[in-house]
Amino acid sequence: MLHMTKQKQFMEKTVVVWLGAMLCCALWGSAFPCIKIGYRLFEIPSDAVATQILFAGLRFTLAGVIALLIGSALNRKWLIPKKGSGPKIVKLCMLQTVVQYLFFYVGLAHTSGVRASIIEGVNVFIAILVASLVFHQEALTARKIIGSIIGFAGVVLVNLTGDAGVGGFQLLGDGCIVLSTVAYAFSSVYLKRYSKEEDPVVLSGWQFVQGGLIMIVCGLLFGGRLETVSLSGIAMLVYLAVVSAVAYSLWGMLLKYNPISRVAVFGFMNPVFGVILSAIFLQEAGSLGVMCIISLVLVCGGIYIVNRGDEKAA
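Residues numbered from 1 in each chain as written. Predicted model: local features only at pLDDT ≥ 70, side-chain atom pairs only at ≥ 80, totals over all residues. Heavy atoms only, no water.

1. Description of the overall build of the chain
Okay, so step 1: What the chain contains, in helices and strands, is 13 helices and 0 strands.
Okay, so step 2: Along its sequence from the N terminus, the chain presents helices and strands in the succession α-α-α-α-α-α-α-α-α-α-α-α-α.
Okay, so step 3: The buried share of the chain, taken over its 314 residues, is 55%.
Okay, so step 4: Of the contacts made within the chain by residues no fewer than 6 positions apart, 89% connect residues no fewer than 24 positions apart.
Okay, so step 5: Total accessible area on the chain is roughly 13,500 Å²; 71% of this is exposed by carbon and sulfur atoms. (Helix = DSSP H or I, 4+ residues; strand = E, 2+ residues; numbered from the N terminus. Buried < 20%, exposed > 50% of the residue type's maximum accessible area, 1.4 Å probe, protein only. Contact = heavy atoms within 4.5 Å. Areas by Shrake-Rupley, 256 points an atom, 1.4 Å probe, with all protein chains shown as cover.)

2. Quick word on unusual backbone geometry
The bulk of non-glycine residues show a negative phi, and the bulk of peptide bonds are trans.
Okay, so step 1: The phi torsion at Glu 43 lies on the positive side, around 55 degrees, for a residue other than glycine.
Okay, so step 2: Of note, Glu 43 is situated in the loop between helix H2 (14-41) and helix H3 (49-75).

3. Quick notes on the side chain of Ser 85
Okay, so step 1: Examined against the element boundaries, Ser 85 turns out to sit in the loop between H3 and helix H4 (86-108).
Okay, so step 2: Only 2.8 Å separates the side chain of Ser 85 from the side chain of Glu 198, close enough to count as a polar contact. (Polar contact = N/O pair within 3.5 Å; in protein donor to acceptor, adjacent residues only side chain to side chain.)

4. A look at the environment of Gln 283
Okay, so step 1: Examined against the element boundaries, Gln 283 turns out to sit in the loop between helix H12 (269-281) and helix H13 (289-313).
Okay, so step 2: For Gln 283, a relative accessible area of 71% translates into the label exposed.

5. Topic: a nonpolar patch on the surface
Okay, so step 1: On the surface, a cluster of nonpolar side chains totalling about 430 Å² of accessible area is made up of Leu 23, Val 229, Ile 234, Val 238, Val 242 and Val 246.
Okay, so step 2: Looking at the secondary structure, you find Val 229 in the loop between helix H9 (200-221) and helix H10 (231-257).
Okay, so step 3: A relative accessible area of 53% places Val 229 in the exposed class. (Patch = residues over 30% accessible without salt bridge, like charges linked within 9 Å, V, L, I, M, F, W, Y side chains within 5 Å. Salt bridge = Lys/Arg side-chain N within 4 Å of Asp/Glu carboxyl O.)

6. As for helix H5 (residues 113-120)
Okay, so step 1: Among the 8 residues that make up H5, 8 are buried, leaving the element largely enclosed by the rest of the structure.
Okay, so step 2: Those residues of H5 that fall on the buried side of the exposure criterion are Gly 113, Val 114, Arg 115, Ala 116, Ser 117, Ile 118, Ile 119 and Glu 120.

7. Details of the pattern of salt bridges
Okay, so step 1: Applying the stated criterion across every chain yields a total of 2 salt bridges.
Okay, so step 2: In this structure, Glu 197 engages Lys 88 in a salt bridge whose closest nitrogen and oxygen atoms are separated by 3.7 Å. Here Glu 197 is found in the loop between helix H8 (171-194) and H9, whereas its partner Lys 88 is found in helix H4, with 109 residues between them in sequence.
Okay, so step 3: In this structure Glu 197 comes out as exposed when scored by relative accessible area, which is 57%.
Okay, so step 4: Salt bridges sharing partners connect three or more residues here, namely Lys 88, Glu 197 and Glu 198.

8. Comments concerning the side chain of Ser 72
Okay, so step 1: Here Ser 72 is to be found in helix H3.
Okay, so step 2: If sequence neighbours within four positions are ignored, Ser 72 has contacts with Lys 77, Trp 78 and Leu 79.

9. Points about the environment of Val 238
Okay, so step 1: With respect to the helices, strands and loops of the structure, Val 238 is situated in helix H10.
Okay, so step 2: By relative accessible area, which is 36% here, Val 238 ends up partly exposed.
Okay, so step 3: As for Val 238 and Leu 58, which are separated by 180 residues in sequence, their C-alpha atoms are 9.4 Å apart.

10. Side note on the nonpolar core
Okay, so step 1: One finds Tyr 105 and Trp 251 to be the most contacted residues of the largest nonpolar core, which totals 80 residues.
Okay, so step 2: Contacts of Trp 251, omitting those with residues within four sequence positions, involve Ala 21, Cys 24, Cys 25, Trp 28, Tyr 184, Val 263, Ala 264, Phe 266 and Gly 267.
Okay, so step 3: Leu 68, Leu 79, Val 201 and Val 209 belong to the second largest nonpolar core, which has 5 residues in total. (Core = buried A, V, L, I, M, F, W, Y, C linked by side-chain atoms within 4.5 Å.)

11. Describing the environment of Leu 62
Okay, so step 1: The residue Leu 62 is located in helix H3 in this model.
Okay, so step 2: Under the relative-accessibility criterion, Leu 62 is labelled partly exposed at 29%.
Okay, so step 3: Considered as a pair, Leu 62 and Leu 240 are 178 residues apart in the sequence and their alpha carbons are 9.3 Å apart.
Okay, so step 4: If we skip the residues at most four places from it in the chain, Leu 62 touches Leu 237, Val 238 and Ala 241.

12. Description of the confidence of the model for the chain
Okay, so step 1: Per-chain confidence: the chain averages 82 in pLDDT, with 89% of residues scoring 70 or above.
Okay, so step 2: Taken element by element, the chain is modelled with least confidence in H13, mean pLDDT 69, and with most confidence in H9, mean pLDDT 92.
Okay, so step 3: The low-confidence segment residues 162-166, where pLDDT is below 50, has 14 contacts with residues more than four positions distant or belonging to other chains. (pLDDT = per-residue confidence, 0-100.)

13. Examining the packing of H2 against H3
Okay, so step 1: Two numbers describe how H2 lies on H3: the axes approach to 11 Å, and their chain directions differ by 120 degrees. The angle between the axes of H2 and H3 places the two elements in the oblique class. With respect to the hand of their crossing, H2 and H3 are arranged in right-handed fashion. Between H2 and H3, the contacting residues are Ala 31, Ile 35, Gly 38 and Tyr 39 on the first element and Gln 52, Phe 55 and Arg 59 on the second.
Okay, so step 2: Residue classes in the contact of H2 with H3 are distributed as 4 nonpolar, 2 polar and 1 charged. (Axes fitted to C-alpha atoms, helices over the stretch in contact; angles between N-to-C directions. Parallel < 35°, antiparallel > 145°, perpendicular 65-115°, else oblique. Left-handed = near helix turned anticlockwise from the far one by under 90°. Nonpolar A, V, L, I, M, F, W, Y, C, P; charged D, E, K, R; others polar.)

What follows is the structure, encoded as structure tokens:
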């Protein structure tokens, strides 16, 4: 009991929330260019939906195994779900892995990394609205609304940078990314709810394994095949698995001990990291310059406003 109290006090510290959430966002931001690079290394074309699903399934199955191994080593015992946890894990795996990443991987194959990064920023606002208005887990205060709007303004401003604002809305690309953000919002709420009684690492690890296996089976049944396999491709797949294992486990720990709005608002940093890293590694944005700096200021301002009340209480 004393250990749990100390862990709770530690995870509620403002500096821990900020650094932990920023690390998660940096890892997730790196996934945007790395997935597209992975497509190139495995020679997966944009219209090979079944192979994209297979690729995603391999990533998340491996991510779940890594998360469970690391968690078991840290806890000095195997992380086995408690009796009655099965339905919770299934619901999470369908929302957080299967539905979210089915749309995400297909969408990313049909739009740029920069554009996908920006659209994903919508998930923060949706997560706060869902938690407040649908599940009534916390109050939707004026501070949260203002902070979210300011942060989203930064996301919109990034859209004016480079090629991100070029081209109209594409249903198969941009539309799928939007649907993935809705699935993410609901999965965050359920993860918060279930983490009150469950270890978030157990939830994340097992839902990744289950969701990944479902996607592998679906990919294979629909004809997905990885025809080109190289050492660099495998290395990229392992990195993407580590991104999910580390980021989602840490994010789950933060959600367990903090209000969703206090953690979710950092999701506005995902598109910033995604845009910058896509610009560097995919050369999708000609210039980040002043617009990116202004957007970063807006995003950080939104994060500060949403967290200001919590800092006083921490």
